[in-house]
Every structure is written in C-alpha cells, then in structure tokens.
Amino acid sequence: MTTALNTLFITVEGTRLNKEGERVVVTVKDEKKAEVPLRHLRSVVCLTRAWMTPELLESCVEAGIHVSFFGVTGRFLARVEGLPGGNVLLRREQYRAADDGGRTLAIARAMVVGKVSNARQFVLHAKRDAAAEQVPSLEDAARRLAEHLRAVGRAEELEQVRGLEGIAARDYFEAFPGLLKGGARRFGFDGRNRRPPRDPLNALLSFGYALLAQDCAGALAGVGLDPAVGFLHEDRPGRLSLALDLMEELRAPVVDRLVFSLVNRGQLKPEDFKEEAAGAVMLRDEARKAFLVAYQAAKQVEVQHVFLGQQTSWGLVPHLQALLLARTLRGELDGYPPFAVR
Amino acid sequence: MRKVTVLVCYDVQVSDPTGPKRLRRIARMCKDHGVRVQYSVFECVLEPKDWVVLRARLLSELDAESDSLRFYFLSEDVARKTEHHGTRVPLDVEGPLIL
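A few points on the structure. Computed from a predicted model, the values in this text were never measured in an experiment.

1. What to know about the sheet that holds strand β5 (residues 97–98) of chain B
Here is step 1 of the chain: Taken in spatial order, the five strands make up an open sheet running β8(A)-β7(A)-β5(A)-β1(A)-β5(B), and their pairing is mixed. Looking at the sheet topology across the chains shown, the edges are occupied by β8 (76–80) of chain A together with β5 of chain B.
Here is step 2 of the chain: Taken together, the four bridges between strand β7 (residues 66–70) of chain A and β8 of chain A define a ladder with antiparallel strand orientation. The partner of phenylalanine 70 of chain A across the bridge, within β8 of chain A, is phenylalanine 76 of chain A.

2. Focus: unusual backbone geometry
All names here are of chain A.
Here is step 1 of the chain: For the bond running from arginine 195 to proline 196, omega is -5°, close enough to zero to count as cis.
Here is step 2 of the chain: Along the chain, proline 196 falls in the loop between α5 (158–174) and α6 (200–223).
Here is step 3 of the chain: You will see that lysine 29, though not glycine, has its phi angle at about 45°, which is positive.
Here is step 4 of the chain: Along the polypeptide, arginine 195 turns up in the loop between α5 and α6.
Here is step 5 of the chain: Classification of arginine 195 by relative accessible area gives exposed; the value is 71%.

3. Remarks on the packing of aromatic side chains
Here is step 1 of the chain: Following the criterion strictly, the structure yields 12 aromatic pairs over all chains and no others.
Here is step 2 of the chain: Ring geometry for tryptophan 314 of chain A versus phenylalanine 339 of chain A: centroids 5.2 Å apart, planes at 70°, classification edge-to-face. Of this pair, tryptophan 314 of chain A sits in the loop between β12 (310–313) and α9 (317–329) while phenylalanine 339 of chain A sits in the segment after α9, and the two are 25 residues apart along the sequence.
Here is step 3 of the chain: By relative accessible area, tryptophan 314 of chain A is classed as buried at 8%.
Here is step 4 of the chain: Exposure remark for phenylalanine 339 of chain A: the relative accessible area of 1% places this residue in the buried category.
Here is step 5 of the chain: Ring centres of tryptophan 51 of chain B and phenylalanine 73 of chain B lie 5.8 Å apart, and the angle between their planes is 85°; this geometry places the pair in the edge-to-face category. Of this pair, tryptophan 51 of chain B sits in helix α2 (residues 48–61) while phenylalanine 73 of chain B sits in strand β4 (residues 68–74); the two residues are 22 residues apart in sequence, bridging distant segments of the chain.
Here is step 6 of the chain: Classification of phenylalanine 73 of chain B by relative accessible area gives exposed; the value is 55%.
Here is step 7 of the chain: Here the aromatic residues Phe122, Tyr172, Phe173, Phe176 and Phe260 of chain A are joined through ring pairs into a cluster of three or more.
Here is step 8 of the chain: The ring of tryptophan 51 of chain A has arginine 16 of chain A lying over it, and the distance from NZ or CZ to the ring centre is 3.9 Å.
Here is step 9 of the chain: Of note, arginine 251 of chain A hangs over the ring of tyrosine 209 of chain A, and the distance from its end group to the ring centre comes to 4.6 Å.

4. Topic: the pattern of salt bridges
Residue and element names in this part refer to chain A.
Here is step 1 of the chain: Within this structure, the stated rule accounts for 28 salt bridges over all chains.
Here is step 2 of the chain: The salt bridge involving arginine 49 is made with glutamate 13; its shortest N-O contact spans 3.4 Å. Placement of the pair is arginine 49 in the loop between β5 (41–46) and β6 (50–52) and glutamate 13 in the loop between β1 (6–10) and β2 (15–20), with a sequence separation of 36 residues.
Here is step 3 of the chain: Two residues, aspartate 215 and lysine 299, come together in a salt bridge whose shortest N-O distance is 3.0 Å. Of this pair, aspartate 215 sits in helix α6 while lysine 299 is found in helix α8 (residues 285–300), placing the two residues 84 residues apart along the sequence. Judged on exposure class, the residue aspartate 215 and its partner lysine 299 are both buried.

5. Brief notes about the packing of helix α1 (residues 19–33) of chain B against α2 of chain B
All names here are of chain B.
Here is step 1 of the chain: At a minimum axis separation of 10 Å, α1 and α2 run at an interaxial angle of 175°. Here α2 runs roughly antiparallel to α1, going by the angle between their axes. Across the interface between the two elements, Arg22, Arg25, Ile26, Met29, Cys30 and His33 from α1 touch Asp50, Leu54, Arg57, Leu58 and Glu61 from α2.
Here is step 2 of the chain: Split into classes, the residues belonging to the contact of α1 with α2 amount to five nonpolar, one polar and five charged.

6. Digging into the packing of helix α3 (residues 101–128) of chain A against helix α7 (residues 241–264) of chain A
Residue and element names in this part refer to chain A.
Here is step 1 of the chain: Between α3 and α7, whose axes approach to 6 Å, the crossing angle comes to 15°. By the criterion of interaxial angle, the relationship of α3 to α7 is roughly parallel. In the crossing of α3 with α7, the sense of the turn from one axis to the other is right-handed. Each of Met111, Gly114, Lys115, Asn118, Ala119 and Phe122 in α3 lies in contact with α7, whose residues at this interface are Asp245, Leu246, Glu248, Glu249, Arg251, Ala252, Pro253, Asp256, Arg257 and Phe260.
Here is step 2 of the chain: Its residues assigned to classes, the contact of α3 with α7 shows seven nonpolar, two polar and seven charged.

7. Focus: the sheet that holds β4 of chain B
All names here are of chain B.
Here is step 1 of the chain: Read across the sheet, four strands follow the order β2-β3-β1-β4 without closing on themselves; strand pairing throughout is antiparallel. With one partner strand each, in any of the chains shown, β2 (35–38) and β4 form the two edges of the open sheet. Adjacent strand axes in the sheet meet at a mean angle of 25°, parallel and antiparallel pairs treated alike.
Here is step 2 of the chain: Its contacts with the sheet place α1 against β1 (4–11), β2 and β3 (41–46), and it is angled at close to 40° to β3.
Here is step 3 of the chain: Packed onto the sheet, α2 meets β1, β3 and β4 and runs at close to 165° relative to β4.

8. Concerning the interface of chain B and chain A
Interfaces are frequently sized by the accessible area removed from exposure as the parts join.
Here is step 1 of the chain: The interface is formed by 19 residues belonging to chain B together with 28 residues belonging to chain A.
Here is step 2 of the chain: Between chain B and chain A, a total of about 1900 Å² is buried, with carbon and sulfur atoms accounting for 58% of that surface.
Here is step 3 of the chain: It is Asp32, Ile98 and Leu99 of chain B that lose the most area in chain B upon contact with chain A, and together they represent 38% of the buried surface on that side.
Here is step 4 of the chain: On inspection of chain B and its partner chain A, the count reaches two salt bridges.
Here is step 5 of the chain: The residue aspartate 32 of chain B makes a salt bridge to arginine 23 of chain A at a minimum N-O spacing of 2.7 Å.
Here is step 6 of the chain: Counting across the interface, chain B meets chain A through six residue pairs in polar contact (both at pLDDT 80 or more).
Here is step 7 of the chain: Those elements that place two or more of their residues in the side of chain B that touches chain A are α1, β3 and β5 of chain B.

Conventions we followed
Residues numbered from 1 in each chain as written. Chains lettered and ligands numbered in written order. Predicted model: local features only at pLDDT ≥ 70, side-chain atom pairs only at ≥ 80, totals over all residues. Heavy atoms only, no water. Pairing = 2+ DSSP bridges. Helix = DSSP H or I, 4+ residues; strand = E, 2+ residues; numbered from the N terminus. Buried < 20%, exposed > 50% of the residue type's maximum accessible area, 1.4 Å probe, protein only. Phe/Tyr/Trp six-rings, centres within 6.5 Å; stacked < 30°, edge-to-face > 60°. Lys NZ or Arg CZ within 6 Å of the ring centre and 35° of its normal. Salt bridge = Lys/Arg side-chain N within 4 Å of Asp/Glu carboxyl O. Axes fitted to C-alpha atoms, helices over the stretch in contact; angles between N-to-C directions. Parallel < 35°, antiparallel > 145°, perpendicular 65-115°, else oblique. Contact = heavy atoms within 4.5 Å. Nonpolar A, V, L, I, M, F, W, Y, C, P; charged D, E, K, R; others polar. Left-handed = near helix turned anticlockwise from the far one by under 90°. Buried area = accessible area lost by both parts, 1.4 Å probe. Polar contact = N/O pair within 3.5 Å; in protein donor to acceptor, adjacent residues only side chain to side chain.

In structure tokens form, the structure reads like this:
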C-alpha cells in the first residue's frame, strides 16, 4: 500500500533545485531555503519557472517521483516521468477495455454516477447551514441531480452518459451562487468558465482541478495505468483523459468543498485576485500559497472509504481508486466502484 | 505502513584524526533521512525498512571507543508535543512544502 508522501511546490520564480546526497536542495537567489530528503516526496510541482539539475531529475525519475511544470497562469505544461510502472499486461487490458464499447460504457457510467452523487451530497451538505432564502434553490438543484443520477444509471449509450454528465454539471454549477455565505457573496458566480477563468471563483476551481488532475495522473501511473487513455473522456493528444475520468468523482468533495470553505470563512477575498488585460483572473501570490497550504492540509483529512471499509486520508483516495480501477480492468471486480461520499 | 519517528543524536570525537570525516559522514546519512533540528540532532520519520538501513549505516560508521549515538523513539505526534524556541526552525517534511 502506498503511504502518503508529500508534494514539494515551487512558487517563487527563479528557484533552483539541485541534489545533494539523497536530498533536494531548494535555493532562491543564492539563499538555501530548504533541504528535503527525496524519500519523503511523491511529487515535485513547479508552479513557476524553476531550474532543476539533470542529476536531480534523474534521481526523481528513478525514485518514481513525478515532476510536473505549470505555466505562470496555472496552465499545465509538462510532466516528467520515468518508465511506466506496473505491468504491460494491465495497460493492454486498459486499451482493450477502452476499445470495447460495453466495458467503456460500464466504467464511464460508474464514474458519472460517482460524480453526480458526490455533487448532490455536497449541495445537500451545504443546504444544512445555508441561509433560509437559499434553501429552495439548493433543494431544487439536489432534486435535479437526483433525477440525473437515476437517468445515468439507466443509460445504455456512452453518448447518453456524456450528455447527462454535462447537464448535471450545468445544474450543479447553477447552485453555486447559493453556496456563498456572508461576505463571500461579493464573489458572485455566473456559471463555470475556463481557459482562461474570468472570475475569482472560476480561477480557484481551475487551479484546484489542475492540481487534482496531476495527483490523479500520478496515482494512475503509480499502479501502471496509462493516464492518457480514458473511458468517459475521449482520447485527445496531450490530454490526460483517464486522469480527468478519475477526477470526476473527486471534484466536488475535494476541490469544490475546499474552495467554498476558503471563501466562506473569509480566508480568501476578492482582493486576493487580479485581472489580467485579456480578462483572465488570477490568484495573487500570497493567495495562491494560502490555497496550496489548504489543499495539502485537506489531503491529510481522514475520510471513510465506504467500498473498502476503511479509514484513509483524502490524499490517498486517488491512489485507492486507481487500484480499484486496475482491479476492475483485470476482471477482479465486477464493476468499478466510484468513490462515494456518504 | 506505520512510520517510525526517531530522534537521532550523536557525539563524535573530532580531536581524533579520523573524527571530522566520521562526523561529516554521520551528518550526511542523517540529512538524507531526516531533518536537522540542531547541529547533532535529527528528527527522522521513516518507513521501517528505511530505518533499518539508516540504523545499520550509522552503527557501521560509529567508532564505539570514542563516539556516542543515541536513538530516541518518539510517538507519531511529535510535532504537536514539541516546543521550539529561537532560530533554525526545522522544516516539517510531513507538512505542506510550499516554497
């Protein structure tokens, strides 16, 4: 079983990373900021332009530490990964399943059921302490999500599943303004937009999803699956479709919950964002750090994995789900059990 | 897997001609496995197999005639039960690593 290893985030432009012994040494402007033993790391995420020695990169690849690079706007650029883990027979089975309409349908359907169910739980949970005037709209959203959930369960075509996923996502995002409390109402939310995100909440969601996608890709690669060959998401060059698939059921309980708790508690305010000339909204550096701290802390929080019947942490959920997906593809499970929040 | 948390402390006789080399080597082994909290004190949070390796390497380096090495086995919540005053606040490798 994988243990929860840490992620090293680099946020300061011009940071240099080099290797001394079995450690990563982080230097900013000739000042040594930190030394981290490689054995404590699962991944290194560079959120800005950073400089890394080939020796360190080599050691990361050999130790199975994933290194990923994001552009300054938070757009994913690249990840460095060594030989694929796991075994080739599993990957072949994954490709066969992806080419098999029936198996693809079954897995995609399970994933969307997980997504919509978790989205509904999130709305219902928020309803409990929402202001009275927000309750009807949240109840309405939960009811519509329940309808979509039943429809997904009955869907017999992949296109139908994808269509319902889109409709459910739209209904879910419509409920978002009702989730803002107190001073956080200043944020406002007029639907999901991206590339670039055009308001602060969308900027937070995009940033959170980009981090979660990389965690999912790392988890999939860790069990030997190919993160690029998906079931719900079609193959597309440069897209980590399976990572996006795996992320669906985790968006609401991991990222959305974190985003709303940060803005509703006033930890992030509209002033923590800046608008670029092109209308793109970005987090200011301090806010981005605060978000990363909260994201890492959220991964330490304990959660009950209903299917496995054991306590785990949120950070391990993508790894457990990747393992369950591998078992499904090997035929050891009858169907893929999505992660369900109770 | 349950990790082990060990506080590694050492004293190396540096007046001995081979002392400084032993000191450097011991310090390097500790740095690779844990976090320096004071000059000759390291906190190491390790998987049991890594701890077995580190312990063996440290003991093989030690000159039992002139040096001393102490291992304190700590409970997992050491961070919560520790106070730090003054400079050189050590890095928490289990906490968020955002630099």
